[in-house]
Each structure stands twice: as C-alpha cells, then as structure tokens.
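Residue-level structure breakdown
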Amino acid sequence: MTIEQRARRRARTGKTRAPVSTRLSATAVALLLALACSKPFPTHYPVSPPAVSFKALDASMAGSAPDVASRVTSQRIAGAREEPHNWLTYYGAYDGQRYSALDQINAGNVAGLRPAWSFQAGVIGVIAAPATYAFEAAPLVVDGVMFLSGYDGYVWALDAATGRMLWQYRHAVPLDVPLCCGNVNRGVAVGLGKVFYASPNAQLVALDAITGRVMWQKTFADVRAGESATVAPLLVKNLVIVGSSGAEYGVRGHLDAFDAGTGRHVWRRYTVPRPGEPGSETWPANSLAWATGGGTTWITGSYDPELDLLYWGTGNPGPDFDGAVRPGNNLYTNSVIAVDPDDGTIRWHYQWTPHDLWDYDGVNENILFDLDGRKLLAHFDKNGHLFVLDRTNGRLVRVTPFGRVTWADVTESTGAITVKLRPTPAGQRICPGPAGLKEWPHAAFSRATELLYVPVVEQCATFKVMRQEFSEGMAYWGGEASPIRTEQWGEVKAIDPRTGQQRWSWRFAHPIVASVLATAGDLVFAGTPTGEVVALHARTGAELWRYQTGSGIHSSPVTYRVNGKQYVAVPSGWGGWMKGFAPEMYGANRGNTLFVFALP
Amino acid sequence: MPGPPALAACAIVALALAGCDYVRLLRPSVLKQLNPDVVRLVNELPAVDDANEALVARLFAHGGLSWADRGRDGVYRDQVRIPRNQYIWKPAIVVMGAGGELEIDVANDDEVFHIALVPSNGGRQVLELPVRTRGKVRVRLDQPGLYWFGCPVANHAGRGMLGIVMVKGEVDPAARLDRPKMPRPEDR
C-alpha cells in the first residue's frame, strides 16, 4: 500500500494502529515470556522402550529358587544340630555356638582346601563413602540354597553348590540413613516360606523365599530419631524378632517382635525404662537422660527352646563417654536380658558394665552350652571379661579377663567391679579401647573339645570426655576415644570354660574382627583384616592352612554340605568402623566377595 | 492512552507473568528462606557452572527442584527433562510429599543416548532413553529420606547426571520412639 492509500483507509474506518513503541514493547514482552517460562513438555516425542527392573537384565540369574524355606519352622531350627549339613539360622543353631558337626574337612586334610566358587556382590553405590562399607554377613544354607545379605539393601538367594544367583532383592535405602559406623548387614532369617531382612533404614521385609518378592514390610525404628538397623533377624516360634541401632545418636533402645505370617506388630520391649518402670531407679530422677539412654540391640540373640528364653545383649548408654549426665547404673544398658519371646517381658538380666563410660557395648553374643550337668551361658564382653552365667537364672558362675584390662578390677567369683580409670577432658589411656577386647564378631564353642574360641582385639585407647548438647538425629558421643596404634595386635584364643584359663593362643599382627567357626574336624576357622582366612587346629592352635582373599574379613563364616561335599563360606570385604578397631588398616582395600572353599 | 485491545494484551501479559516461575519467587514465604549463603550460591553458581569453565558438563544441582503431584490414585507424578549438551536432569531434585509410588515422565531433549536408573524397593528400574524419546518409569520409595538416581551411561553421572528424590514425612507412628518430643538441630 502507498502512504496515500493508508491515509485514505484510516480516514474511512477511524481505526488507528498502535504506535511503534507499544508494538515493540508488546513484542519484547512476548519474547521475554517465551524465554522466561517453561517450554511445554514434548508429548510428541516417540515413546522410549518400557522401563525394566535392573536384574531383569541379568541373563545369568535363574529368577527363582527351589522351595526350601516352607519346610523350615522354629521347631526345625530348634533341632538344627540334627542336620549339620545346613546352617539354618544366624549362629548355626539357636544356642549361638557357631559349631558344626561336619568333619569331612578336618585337621588331616584342610591343607588341601581351595576355592570352589566365588560370588561377587557387585558395585558399591552412592549411599555412603567407601570407608563405611563392609561385608559382615553370616550366610544361611537350607537344603542347597544359600541366603545371603549385603550392604546397600541387597539380599540374594544362591545355589550353594555352584554360586549361581537364583534371585536378588534390593531394598531402596535412602542416602541419608544415620548409620553410626557402617553400611552393613549381618544376615537374614529363613523360615515359613520366607526370608526376613532388616534394611539399614529399619524396614523389616519379608520376602517370598522362592521369588524374592516382598510379602510384607514393616517399619521398626525411626531414622528421623537417629535409629537404623544392621541386625540379622531371628525367627522364634511364629515371631520375627529384630533389634535396633543408634546408641551413638541418643536413641532409646528396643526389641520388636512381628508375626512372621502377617507382619502384625506383636510386642516392643524398651531396654531403657521410663520413669516408674522397673530399672528406672538406676537413672537420674527428674531428668530426660532415659529418653537418650541408648541400650540398642544390634546383635542377634540366642534362644533356649526348653527354657523358652531369649538371651539378647544390649548396647552402651547414651552419651557414650559422658556419664555425668546419667548418674546411676543405667539399666538395662550393657546387659544380657533374658526375655520371654511371647511378650518381651524381661525375666532377668545381668549387667556386664554398669554406668558405662567406655562404649563397652554389652551386645556380644551369649553362647548357650551345657557342661557337667549345668545349663550355662558364656559371654565374651567388650569390657575384657569372659562371663559364665547360669542361664536359668542369670547367676554368675565366674568372670575372668581374657586380655589386657585396665579400666577396672572385677572379682572372679562375685563379679564385683572396682573402677580404676575413667575418661578425662585431657585424655586417659585405658584398655581395652572403645572396640573392646572383643568386638561384635562372634566366638564359638566346640562340643568336641569343650573349649571356647574367641577373636581378640588387643588395643588400648586415649579416652576423652566432653559435654555435648543433644539434638535428635545428631551423633551424641559425649567425647571421643582414639586407639593407640603402636601397641595393638590380635589373637584367636582357646579358653577353658570350666576355669576361664587360656589353653592356647594364635597371634596376629592386627586385631581379629571376624567370627570364628569351630568344627568337629578339629578345626577353628578365623579371618584377618589383611584378607587371610586361616584354619587352626582346635586343640593346639597350630595354623594348618591359610588363603589370601584380597580384602579384610569382618564377617561370620559358615560351613555346610551339599551333595555330599562340605564347603566353608567366607564373606570377604573390609570396612565398617575401622577407626575403632584397626585404625592402621583404615586405608586397606574394600571388597565384596564371598569365597566358598572345598576339598578337591 | 492505550485502547482496549492494548489494555487487554497488558492484562493477559500480567496474568501470564504472575504464573511464571520468576515472578512466583517474589512471594514472602520464599524470600524469607534466603540467607547470605544461598544468595552467594545463586549469584556465583553460574560463573563456576558453565560447561568448560569450571566443569566439563554442569553442576548437577543446577537442574533445580520440583514437587511431584499426588494424583487421585495416590501415585506421585513428575516430569524430568534432559536438556541438550548439559549432562544434568531438569529438575535434579524431585520432592515427594510422603512415601509411596512415584512415576517420572522423562524426556530426552539431548542428542545422545541416556538411561534413567532409579532406585525402587525390590530393585532399581532401568529406563532407556534414545535421542528425543520420552518414557515413564514407576518406582516404590515408601520411606523418608534422600534417594539418588542417575544416568549410568559412560560417566554421565559423574559429569552431572545425578539426581535426588527427596521423600518427606515421618516414619510410621507405630515405629516411633516412646519419649517426649526431643530438640532437633533446626530448633537451635
């Protein structure tokens, strides 16, 4: 159009166009809008292949296991000694002895033991820094199927003869779980057609033992409060029992029991009483110290089906080193509690370390054994003493030290404790260190030799106490303990339970933090922080065999038989709370491989 | 004086702007969360965040945050995009108001192949995303906490394709400790 034509049209219609400035602003605003606000989601894109589960892309995995678990009941576990070819429960049997009657592998032929197969647990994920991982499991074996758990939410069913993976379950574990010490899991329980697993964020998960699918899932502790879980659950009668973790976060410890069939929560027993409850007189009155009292229950208990009593250990009080905020003996921390499995009632208790100032968790296993017509319980405590109790009533038979102890004198016949050394603000050298003279890895009792075998952490530390203000979910130690690296070593000791005297000792350069395994083949298997698995003669301690696995052992090896062949399974994978029990090995290579040995 | 059409246009623009993300930041509830550290993060991040300045790709948090919507069926849903040449997820942080099922609709706007590997109870889920495709992945995250997801192709995760699903909320009340309300860190 010419200028004249435009002017004639304007005069005819009366319409005017917006000035140039307005049009430019509108355009600018429209452009700004287009840039500043989100682009529309591209619903026109072609659809990608459908999402699949990660393990569906593992062609080596069978996908399901034979049905071996539906025939496992608490009653069958109570008779575990009649089927030594299986390892039906965490300690091999309810008695906690970690003893196997298998003798195909024995002192005469163990020198020929070699790997039959290995299982590698896979890549370490992002949940926590590498230092905190460790392979701490006790594999279970039921009629040729191995059930194994790992860090990071893993549970596997494997063919126990070949190592082939049958199924894998992986729980989604949140990144920020308030673990105290390690991204670890000590094992599962199997029975009634299910595999029971406790995740780090305190989910008790019941899996179908054939497919690995979830049957039910229940929360049993509160991550927001600083709780977590590492324990292997225990199947007793129709209940699955789990313990909690978090005594380093000022939690209040407890045991929980769930119906194995439905997951219904049946009972909870707190290990630290409320004001007015039995034991509350051992906590300060008019104080909230009980609410941060600790006493967690992170090691699986043992069980006497005849007496119908659970023997469960409790951990340190909170805060670990600052006892001034909680005057009193602090029941039931650092104790064995004999618990009625039907309702969680505490029938009796024995407190190993009253008013703990040294982080001497009383959680270590309680080994049930009969000797000279007496029903006894043996407990190697972190505080450096072997306690032998009458397990019917908790009366002390004898208490003896099994290594260097400077924190107290303990009278052998009465158990009376005279404390000699306490943490100070400037720091005090005390033995044992915070890992204890024995850490959680388990001792064993051999029915063949009638000896106890214990993995020993010889280590002292400088203990400092410091007042700390409590905030939920934050670590609450009340001080610190620094191991003294220059004077530590490890041992496996054979101890006569009748006297507490040492029969023999096998010494190693580093603390021993793997569970020992005793067998009728006159053997004691042990593992070292530098990766060796060793077989020692049960009667003399002579080293008969060793094998280098490539990463430190911090687990519970087991033995079993399939198709007439005996195997020894050893999870190898260093990590966990190394600063506490072997700081000189803090930088050692991590690992995540299960080695299974057999004779050629 | 602008005529009615221009006024209408201004009104539409104003409404659109009000719904726009930038303007929504000017609400009091958002402004009161700003503190010097956050302001510095926002101001300085672009300078250290551009590809090939301090990083070969981009800092993962630059993908931003989004709240998943809870549908009538109880499933949380959100959309995540992979922009071109940045090796990040946008948003990088997906927030679920409580534990449950999450369905993420992922679009690959990039010119290379990616995978979304997302945690889920039972096992991680793998969603393959060829160039310029879109797919849905459904996962079960039923407990509070942070969960990471990422792209496991090459080192895409290391270069920035790390993301977080944040599940808010408390645990089952039946599992909580029987004790008085205790001080939390944010109270101090």
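Just above sits the structure.
Keep in mind the model is a prediction, meaning the values are calculated, not measured.

Let us look at the overall build of chain A. On a plain count of helices and strands, chain A comes out with four helices and 39 strands. Overall size of chain A, expressed as C-alpha extent along the three principal axes, is 125 × 60 × 50 Å. Here chain A holds 600 residues, and 62% of them are scored as buried. Of all intrachain contacts in chain A linking residues separated by at least 6 positions in sequence, the fraction that spans at least 24 positions is 61%. Accessible area of chain A: about 20,800 Å², with a carbon and sulfur share of 53%.

Turning our eyes to something else, we now look at the sheet that holds strand E27 (residues 444-446) of chain A. All names here are of chain A. Pairing is antiparallel across the open sheet formed by four strands, whose spatial order is E27-E28-E31-E32. The open sheet terminates on both sides in strands that have one partner only, identified here as E27 and strand E32 (502-508). This sheet shows a mean twist of 20 degrees between the axes of neighbouring strands, independent of strand direction. With six bridges joining them, strand E31 (residues 489-495) and E32 adopt antiparallel strand pairing. Residue pairing in the sheet places alanine 494 in a bridge with tryptophan 504 of E32.

All right, on to a nonpolar patch on the surface then. All names here are of chain B. Taken together, the side chains of Tyr22, Val23, Leu25, Leu26, Leu31, Leu34 and Val39 make up a nonpolar region of the molecular surface, amounting to roughly 660 Å² of accessible area. Summarising the element assignment, leucine 26 is placed in the loop between helix H2 (21-24) and helix H3 (28-31). Residue classification places leucine 26 among the exposed residues on the basis of a relative accessible area of 61%.

All right, on to the state of the cysteines then. Residue and element names in this part refer to chain A. Counted by the stated rule, this structure contains two disulfides over all chains. A sulfur-sulfur separation of 1.8 Å characterises the disulfide bridge that pairs cysteine 180 with cysteine 181. For the disulfide bridge between cysteine 180 and cysteine 181, the dihedral angle about the S-S bond is near -95 degrees, and by the sign convention the bridge is left-handed. According to the relative accessible area criterion, cysteine 180 is partly exposed, its value standing at 34%. According to the relative accessible area criterion, cysteine 181 is partly exposed, its value standing at 22%.

Residue and element names in this part refer to chain A. A full pass over the atoms with the stated rule returns 31 aromatic pairs over all chains. Their ring planes at 70 degrees and their centres at 5.1 Å tell us that tyrosine 547 and phenylalanine 597 sit as a pair that is edge-to-face. In this pair, tyrosine 547 sits in strand E36 (residues 543-548) while phenylalanine 597 sits in strand E39 (residues 593-598), placing the two residues 50 residues apart along the sequence. Owing to a relative accessible area of 25%, tyrosine 547 belongs among the partly exposed residues under this scheme. Residue classification places phenylalanine 597 among the buried positions, given a relative accessible area of 0%.

Our focus in this paragraph is the sheet that holds strand E3 (residues 76-82) of chain B. Residue and element names in this part refer to chain B. Pairing within the open sheet is mixed, and its four strands lie in the order E2-E3-E5-E8. With one partner strand each, in any of the chains shown, strand E2 (69-70) and strand E8 (134-141) form the two edges of the open sheet. Bridge analysis of strand E5 (residues 100-108) against E8 gives eight bridges, and the strand direction is antiparallel. Looking at E8, one finds that aspartate 105 is bridged to lysine 136.

About the cut-offs
- Residues numbered from 1 in each chain as written.
- Chains lettered and ligands numbered in written order.
- Predicted model: local features only at pLDDT ≥ 70, side-chain atom pairs only at ≥ 80, totals over all residues.
- Heavy atoms only, no water.
- Helix = DSSP H or I, 4+ residues; strand = E, 2+ residues; numbered from the N terminus.
- Buried < 20%, exposed > 50% of the residue type's maximum accessible area, 1.4 Å probe, protein only.
- Contact = heavy atoms within 4.5 Å.
- Areas by Shrake-Rupley, 256 points an atom, 1.4 Å probe, with all protein chains shown as cover.
- Pairing = 2+ DSSP bridges.
- Axes fitted to C-alpha atoms, helices over the stretch in contact; angles between N-to-C directions.
- Patch = residues over 30% accessible without salt bridge, like charges linked within 9 Å, V, L, I, M, F, W, Y side chains within 5 Å.
- Salt bridge = Lys/Arg side-chain N within 4 Å of Asp/Glu carboxyl O.
- Disulfide = S-S within 2.5 Å.
- Phe/Tyr/Trp six-rings, centres within 6.5 Å; stacked < 30°, edge-to-face > 60°.

It is worth stressing that arrangement in space is one thing and function is another; only the former is reported here.
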